[in-house]
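Analysis of the macromolecular model
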Amino acid sequence: MLAQQGYKTPEDIGSVSTVSNSVQVVETLTLKELTEKTSTDYIKRNVMCFVTIKSVEVGDSWWYYGCNFCHEEVHLLEGRYKCVNPKCLKSSPYPEKRYRIMVLAHDKTEAVNVVFSDRALKRLVGKTATMLLEEIEDLAETHPCTLFPQQILDIANKDFTFNILISDDNVLINSTMYNATDAYLSKKSKPSTSETVEEILESTESGFREVS
């Protein structure tokens, strides 16, 4: 009877509040708008950007041993893998191999460097870093010059939706090195690159080897 009259129990009210509070609207920004976010309100905030990957930084450090607890890098110290994160510092007996690469991404407004998280690259490549390393080891037996996975290089010149986590450095010291917590292949094709964007890319592309 009470329910029919609109009465809600404390449990009902709490559940409604929890659902509404869990809804978070993610702001969509151009890369230029992203670089202009200097308010501390944006620190640790996730935003969405539609970008094209121009190039992938090629090197032998495309993976690392990650902490089993916080996923930060671990170093081998006195026979034990110890986390370098000062807030963790735990030992990981069997650390996980995790992805970490940097790409140059651009849209019509700007170009920035983006570091991919393990989660983001695992989604795009479709396999774990451990699986990819095993494939490279097998391939190296017949192709000794193979150093960098082709599956990672293949993400260049494609359009993506990035979830970007804005860091303290992005806001406080205007760092243009951003972290992608997740990435999705975009279904929407991008327009041709303008001359202005090409100039931006030339000025920000130092330290990258162009992907053929």
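Structure first, text after, so check above.
Attention here is on the structure that accompanies the text. Because the structure is predicted, anything quoted here is derived from the model rather than measured. (Residues numbered from 1 in each chain as written. Predicted model: local features only at pLDDT ≥ 70, side-chain atom pairs only at ≥ 80, totals over all residues. Heavy atoms only, no water.)

1. Here we look at the pattern of salt bridges
This is how the line gets drawn: Salt bridge, as applied in this entry: a Lys or Arg side-chain nitrogen positioned within 4 Å of an Asp or Glu carboxyl oxygen. Only DSSP runs of H or I reaching four residues or more are called helices, and only runs of E reaching two or more are called strands; each is numbered from the N terminus. Whether a residue is buried, partly exposed or exposed follows from its accessible area with a 1.4 Å probe, protein chains only, as a fraction of its type maximum: under 20%, in between, or over 50%, in that order.
Evaluation of the coordinates by the stated rule reveals 10 salt bridges. Across the pair Arg98 and Asp118 runs a salt bridge, and its minimum N-O distance is 3.9 Å. Here Asp118 lies in helix α3 (residues 118-125) and Arg98 lies in strand β6 (residues 96-99), a separation of 20 residues in the sequence. Each of the two residues, Arg98 as well as Asp118, counts as buried. Two residues, Lys122 and Asp118, come together in a salt bridge whose shortest N-O distance is 3.2 Å. One end of the pair, Lys122, and the other, Asp118, are both in helix α3, 4 residues apart, so they sit about a helical turn from each other. Judged by relative accessible area, which is 31%, Lys122 ranks as partly exposed. Using a relative accessible area of 4% as the deciding quantity, one classes Asp118 as buried. Through salt bridges that share partners, Glu96, Arg98, Asp118 and Lys122 make up one connected network.

2. So, the pairing of strand β4 (residues 74-77)
Inclusion rule: The rule for pairing is simple: two strands pair if DSSP sees at least two bridges between them.
Pairing analysis gives 4 bridges linking β4 to strand β5 (residues 80-83), with the strands arranged antiparallel. The residue of β5 that forms the bridge with Leu76 is Tyr81. Hairpin connection between β4 and β5: a loop of 2 residues separates the two successive antiparallel strands, and Glu78 in this loop has a positive phi of roughly 55°.

3. Notes on the side chain of Asn170
Spelled out, the test is: Polar contacts, as counted here, are pairs of nitrogen or oxygen atoms within 3.5 Å of one another; within protein the pair requires one atom able to donate a hydrogen and one able to accept it, and residues that are adjacent in sequence qualify only if both atoms are side-chain atoms. Here, two residues are considered to be in contact whenever any of their heavy atoms come within 4.5 Å of each other.
Along the chain, Asn170 falls in helix α6 (residues 168-172). Engagement of the side chain of Asn170 in a polar contact is seen with the backbone nitrogen of Ser167, the distance being 2.9 Å. In terms of polar contacts, Asn170 uses its side chain to reach the backbone carbonyl oxygen of Met177, at 2.9 Å. With residues near it in sequence (within four places) discarded, Asn170 still touches Lys37, Leu165, Ser175, Met177 and Tyr178.

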